[in-house]
There are 2 protein chains.
Amino acid sequence: MNSGQGRDSTRVRIAIDAMGGDHAPQTVVEGALLAVRDLPVDVVLVGDEVQLGELLAKEGGAPKGIEIHHASEAIAMGAHPVEAVKRHKDSSIVVAARLVKEGAAQAMVSAGSTGAAMASSLLQWGRIKGVERPAIGTVMPTLRGRVLLLDAGAQVDCRPSHLVHFGVMGSTYMERVMGCKEPRVALLNIGEEETKGSDLVQEAYPKLKEFPGINFVGNVEGRDILSGTADVVVCDGFVGNVVLKFAEGMATVVLDLLREAIKENIRSQLGGWMLKPSLRAMWKRLDYTEYGGAPLLGVRGVSIISHGSSNGKAIRNAIRVARESVLGNIVGAIASQVDG
Amino acid sequence: MNSGQGRDSTRVRIAIDAMGGDHAPQTVVEGALLAVRDLPVDVVLVGDEVQLGELLAKEGGAPKGIEIHHASEAIAMGAHPVEAVKRHKDSSIVVAARLVKEGAAQAMVSAGSTGAAMASSLLQWGRIKGVERPAIGTVMPTLRGRVLLLDAGAQVDCRPSHLVHFGVMGSTYMERVMGCKEPRVALLNIGEEETKGSDLVQEAYPKLKEFPGINFVGNVEGRDILSGTADVVVCDGFVGNVVLKFAEGMATVVLDLLREAIKENIRSQLGGWMLKPSLRAMWKRLDYTEYGGAPLLGVRGVSIISHGSSNGKAIRNAIRVARESVLGNIVGAIASQVDG
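Basis of the calculations
- Residues numbered from 1 in each chain as written.
- Chains lettered and ligands numbered in written order.
- Predicted model: local features only at pLDDT ≥ 70, side-chain atom pairs only at ≥ 80, totals over all residues.
- Heavy atoms only, no water.
- Pairing = 2+ DSSP bridges.
- Helix = DSSP H or I, 4+ residues; strand = E, 2+ residues; numbered from the N terminus.
- Axes fitted to C-alpha atoms, helices over the stretch in contact; angles between N-to-C directions.
- Contact = heavy atoms within 4.5 Å.
- Buried < 20%, exposed > 50% of the residue type's maximum accessible area, 1.4 Å probe, protein only.
- Salt bridge = Lys/Arg side-chain N within 4 Å of Asp/Glu carboxyl O.
- Core = buried A, V, L, I, M, F, W, Y, C linked by side-chain atoms within 4.5 Å.
- Buried area = accessible area lost by both parts, 1.4 Å probe.
- Polar contact = N/O pair within 3.5 Å; in protein donor to acceptor, adjacent residues only side chain to side chain.
- Nonpolar A, V, L, I, M, F, W, Y, C, P; charged D, E, K, R; others polar.

A. Quick look at the sheet that holds strand β6 (residues 146-150) of chain B. All names here are of chain B. Read across the sheet, eleven strands follow the order β3-β2-β1-β4-β11-β10-β5-β6-β9-β7-β8 without closing on themselves; strand pairing throughout is mixed. Edge positions in the sheet fall to β3 (66-70) and β8 (215-220), since each of these pairs with one other strand and no more. Neighbour-to-neighbour, the strand axes of this sheet turn through a mean angle of 25°, independent of strand direction. In the sheet, strand β1 (residues 12-17) pairs with strand β2 (residues 41-47) via six bridges, with the strands oriented parallel. The residue bridging I16 from the neighbouring strand is L45, located in β2. Sitting on the sheet, helix α6 (residues 114-125) is in contact with β4 (107-110), β5 (135-141), β10 (294-297) and β11 (302-305), with an inclination near 175° to β11.

B. Representation of the environment of L123 of chain A in the model. Residue and element names in this part refer to chain A. Tracing the backbone through its elements, the reader meets L123 in helix α6 (residues 114-125). Residue classification places L123 among the partly exposed positions, given a relative accessible area of 48%. For L123 and V299, which are 176 residues apart along the polypeptide, the C-alpha to C-alpha distance reads 9.4 Å. When neighbours within four sequence positions are excluded, L123 is seen to be in contact with V82, V85 and K86.

C. Broad picture of the pattern of salt bridges. This structure, assessed with the given rule, holds 22 salt bridges over all chains. Salt-bridge contacts for R184 of chain A lead to D231 of chain A; the nearest nitrogen and oxygen are separated by 2.9 Å. Here R184 of chain A, found in strand β7 (residues 184-188), pairs with D231 of chain A, found in the loop between β8 (215-220) and β9 (232-234); they are 47 residues apart in sequence, far enough to count as distant. Residue class for R184 of chain A comes out partly exposed when judged on its relative accessible area of 27%. Classification of D231 of chain A by relative accessible area gives buried; the value is 9%. Between R259 of chain B and D256 of chain B there is a salt bridge, with the nearest N and O atoms lying 3.4 Å from each other. One end of the pair, R259 of chain B, and the other, D256 of chain B, are both in helix α9 (residues 237-263), three residues apart, so they sit about a helical turn from each other. It is possible to trace a salt-bridge network through shared partners that takes in E221 and R223 of chain A together with K245 and E248 of chain B.

D. Looking closely at the nonpolar core. With 184 residues, the main nonpolar core has L45 and I225 of chain A together with L45 and I225 of chain B as its most contacted residues. Setting aside residues up to four positions removed in sequence, L45 of chain A forms contacts with I16, A18, V28, V29, A32, L52, L56, I66, E67, I68 and H69 of chain A.

E. How the structure looks around the interface of chain A and chain B. Between chain A and chain B, the contact holds 53 residues from the first and 54 residues from the second. When residues of chain A are sorted by the area they lose upon contact with chain B, F238, F246 and R267 of chain A head the list and together hold 14% of the total. Taken together, chain A and chain B are joined by four salt bridges. The shortest N-O distance in the salt bridge between E248 of chain A and R223 of chain B comes to 3.5 Å. Put simply, chain A and chain B have 14 residue pairs in polar contact (both at pLDDT 80 or more) between them. Among the elements of the structure, α8 (199-210), α9 (237-263) and α10 (266-286) of chain A are those that each provide at least two residues to the side of chain A that touches chain B. It is α9 of chain A that provides the largest number of residues to the side of chain A that touches chain B, a total of 21 residues. For the side of chain A that touches chain B, the per-class residue count stands at 30 nonpolar, twelve polar and eleven charged.

Any functional reading would require information beyond the geometric quantities listed.
Below, the structure is given as structure tokens:
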């Protein structure tokens, strides 16, 4: 790759489900505008053209790099994913995946229903040959950097071979997209010894150990996920989803308690005010919006799932990650790893 | 129960594994001394009589309510629980369980190996009739009070009927020991709808719903565990153990970051100093040492497992909880619930 030319300046075209997310389409449009301002991307906003046109008009019209692709429907958060995706052929999320399939975009991003994002990607693109089950990877901040936890909810009942593929896909993603060298892949367990844990993890352990091309470092326990001892932590989608949501819940509790503590009296209020800039910097390190969404790994295309409550910055970072996944050829890299 | 007489003043005799725990026997002795000072309990310190005698001598001799029962061995943290318990018949944890079996004590407490505490209780006392698998319940602080999460690691591969019994035992414990009226029992899942989740939880759901005498409130997600929407959260021992240890890990990370934020500059140091008393009060609400250890439920006796890093206060509170479990007749109550 030539410096100044190659990867850093390569334009990538990304379709985004503009109607998905708690604050869509407003925040999605904001994120797209942020993205085209400082990244070499073209963004296709997929959704209601009237609403999207009005939002862009407020910002002085669509800047270079942004266009609208009309979709007449949107999938509600509560809907059954597979049914909804099959029935609503002109929904923003289905159309976004179709644009990728047809080559009109190279990746898709959605902050809507995770299930619908998965279903539309999987049904239209299919799985990478050799991958038995796709997985959702979630990047979490650690004391020393970040860790990819997967699966975060794509496959709740897993077989040992699924966990092995999760390890391979996670390793590939951390290396290709997050720039992590020889990612340390660990198996989430209830003890460090090889003989610990459920039947599932006990069977997965030797398979992960023997799989060529990944740096398997053994078991880690729940308390190690955030300590930075591994770059990729593998678990079934039930456990991963519970941990991910528990982390969100616990962060909320800690913040609430901190706010209460600060409010307690005049002394604490003053102390809180003085500490605020440093607390802000601390919080930024834990801020999921910096991490750019969760990749759906194992499908034949790049699909980034952004948090439902994403703000503009989170959407912008999801677009960045989508671009890097395309440039890192994550699909091809997983295919060659899994297929050996 | 007569006021001033009944339950509040009833003396209970508790055997404690004095050699178990990261800082044993020192902290165990401290905890026992704290307990006999303000609780109507007699504590039998089970362990090396020379060491224990010396520790008590330093405190001016054994006060009323404390006695030593010699045990010549101790089980190491890393040992295989069942093997170690079978081989080391005179280890402190095995002897403590035997004292309960023989009626020389009414409950046992240990801060040693969780597996060894389980194995010695289970092998010597057996299971309550009708209970298929024992469970470890862990009390966690929530925004509104506290929640019992179980199983926290006793049974990693569960059947639906196991989860049902966990719900029943957890409900009984919260009602009888923690004074919670009609505890709300929830199933930990990755979505709120009945049809969500793994095969295990989907099969457990209707069984929990139909089980007489418990107040089943449906599914909760990971983010709800600490929000106070349920009093008892049921899951298999793999998931529970991961969540519990993840919570510990995350608490460590948050504390580390908070300390770093406070250290950052002079302004933040001063702010931290001013906020300190209020932060302390906040931390106290999250402090596991207040909650007195985890009950092993489903065995025919009262066995309280205290955290390995327990200090004196945590041990004292584990003794308190053991006493309340005896007075609440937790074993009899579970037996009659499960057996119908």
